[in-house]
Amino acid sequence: PRLWAVIPAAGSGARFGAALPKQYLKLADKTVIEHSISKLLMHSDIAAIAVALHPDDHFFSSLSCANDSRVLRVDGGSERAHSVANALAALEKAADSDWVLVHDAARPCVSNRDIKRLIELGCAHSVGAILASPVVDTVKRSTALGEIAETVDRKDIWRALTPQLFRYGDLRDALRFCHDQQLLVTDEASALEHCGRQPLLVEGSPRNIKITYPDDLAIAEVFLRGEEQ
Ligand code: C5P
């Protein structure tokens, strides 16, 4: 089976509060999304990368990676799951049994080592796998009034990161099922979970942060600098 990749990058970045969508902000020598795409391009076994963008996006075409023969531009949707579904549909040559990596445009600090480990362990698993990191804080569940209902045992709690790796056909069908049933899907694994599947958790570096707030850019810059050594 072949390996493909999808980068959802059609979000507005409303929480970040910048005029520019957050994936186009400069981080060290290039934009956030260029870092994320180049991390995937380094893996020569990835046949093509479908990047889901807002239909009115006029920033992407000026990036050098937009001209890479393995990079394909696709219109995203109103929700992340729609963007991923559109990108999957654009990978016309993918077979159902092929594997697909889905990676947030907003996670520029993922390491090559983690991507390699995910591919190795995920492709050996019947469902696939995601990068994840154990929760270090004590976790509370709240009541409707904002009071503490309970403390959740953090022993089994992980933060879901990306990339996430699944069989092309399984992911397409799971996203379609969740769309039809109006189920909440905030990452690709949750779509598979709704279908009764149990993807593997592969522990990845907590440096693989999602750029969400302005402070995250400075933190990401420190992490990227550390990578080069
Ligand atoms: O909003 P959040 O940070 O969770 O977005 C995660 C990723 O999903 C981002 O890279 C964002 O651009 C993408 N996204 C998308 N289509 C949407 C919403 C978010 O591709 N409609």
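These numbers come from a predicted model, not from an experiment. (Residues numbered from 1 in each chain as written. Predicted model: local features only at pLDDT ≥ 70, side-chain atom pairs only at ≥ 80, totals over all residues.)

Attention now goes to the overall build of the protein. A tally of regular secondary structure across the protein gives 6 helices and 11 strands. Taken over C-alpha atoms, the radius of gyration comes to 17 Å for the protein, in line with the 17 Å a tight globule of 229 residues would show. In terms of overall dimensions, the protein has C-alpha extents of about 50 × 40 × 35 Å along its principal axes. Relative to its 229 residues, the protein shows a buried fraction of 38%. Long-range contacts, defined here as pairs at least 24 residues apart, represent 70% of the contacts in the protein between residues at least 6 apart. (Helix = DSSP H or I, 4+ residues; strand = E, 2+ residues; numbered from the N terminus. Rg over C-alpha atoms; globule rule 2.2 N^0.38 Å. Buried ≥ 20, exposed ≤ 12 C-beta atoms within 10 Å, placed from the backbone. Contact = placed C-beta atoms within 7 Å.)

With that out of the way, let us pick up the sheet that holds strand β10 (residues 158-167). Judged by pairing direction, the sheet is mixed, and its 7 strands sit side by side in the order β5-β4-β1-β6-β10-β7-β11 without closing on themselves. At either margin of the open sheet sits one strand with a lone partner, and together these are β5 (71-75) and β11 (200-203). Here the average twist between neighbouring strands, direction ignored, is 25 degrees. Relative to β10, strand β7 (residues 128-134) is paired through 6 bridges, and the arrangement is antiparallel. Residue pairing for β10: G128 is matched across the bridge by F166. Sheet contacts for helix α4 (residues 168-181): β1 (3-9), β6 (99-102) and β10; angle to β10, the most-contacted strand, approximately 115 degrees. (Pairing = 2+ DSSP bridges. Axes fitted to C-alpha atoms, helices over the stretch in contact; angles between N-to-C directions.)

Moving on, we get to the site of the ligand. Around the ligand, the structure places 17 residues, and the nearest of them are P8, A10, G11, S83 and A105. Secondary-structure elements contributing two or more residues to the shell around the ligand are β1 and α2 (80-90). Among the residues forming the shell around the ligand, the class breakdown is 6 nonpolar, 7 polar and 4 charged. (Near = placed C-beta within 6 Å. Nonpolar A, V, L, I, M, F, W, Y, C, P; charged D, E, K, R; others polar.)

Right, let's talk about the pairing of β10 for a bit. A large share of β10 lies buried, amounting to 7 of its 10 residues. Both β6 and β10 contribute to a ladder of 4 bridges, which runs antiparallel. From the neighbouring strand, L101 faces β10, where its bridge partner is L165.

Time to look at the packing of α2 against α4. Packing of α2 against α4 leaves a shortest axis separation of 10 Å and a crossing angle of 140 degrees. Classified by the interaxial angle, the pair formed by α2 and α4 is oblique. In the packing of α2 onto α4, the handedness of the crossing is left-handed. Residue-level inspection shows A81, V84, A85 and L88 of α2 in contact with α4, the latter providing Y168, L171, R172, L175, C178 and H179. Looking at the contact of α2 with α4, its residues break down into 8 nonpolar, 1 polar and 1 charged. (Parallel < 35°, antiparallel > 145°, perpendicular 65-115°, else oblique. Left-handed = near helix turned anticlockwise from the far one by under 90°.)

Counting residues in hydrophobic clusters, the biggest one holds 57 residues, and the most contacted among them are V6, A52 and V100. Excluding its chain neighbours within four sequence positions, the residues that come into contact with A52 are V6, I7, P8, A9, A10, V74, G76, S83, V84, N86 and A87. (Core = buried A, V, L, I, M, F, W, Y, C linked by C-beta atoms within 7 Å.)

Moving on: the UniProt feature "site: Positions MEP for the nucleophilic attack" (unreviewed entry) in the protein. Residues given the UniProt feature "site: Positions MEP for the nucleophilic attack" (unreviewed entry) here are R154 and K210. Along the polypeptide, R154 turns up in the loop between β9 (148-152) and β10. Residue classification places R154 among the partly exposed positions, given that 13 C-beta atoms sit within 10 Å. In contact with R154, other than residues within four places in its own chain, are V135, T138 and V139. A residue is classified by how many C-beta atoms lie within 10 Å of it, and K210, with 17 of them, is partly exposed. (UniProt positions renumbered as here; feature names shortened; annotations may be inferred.)

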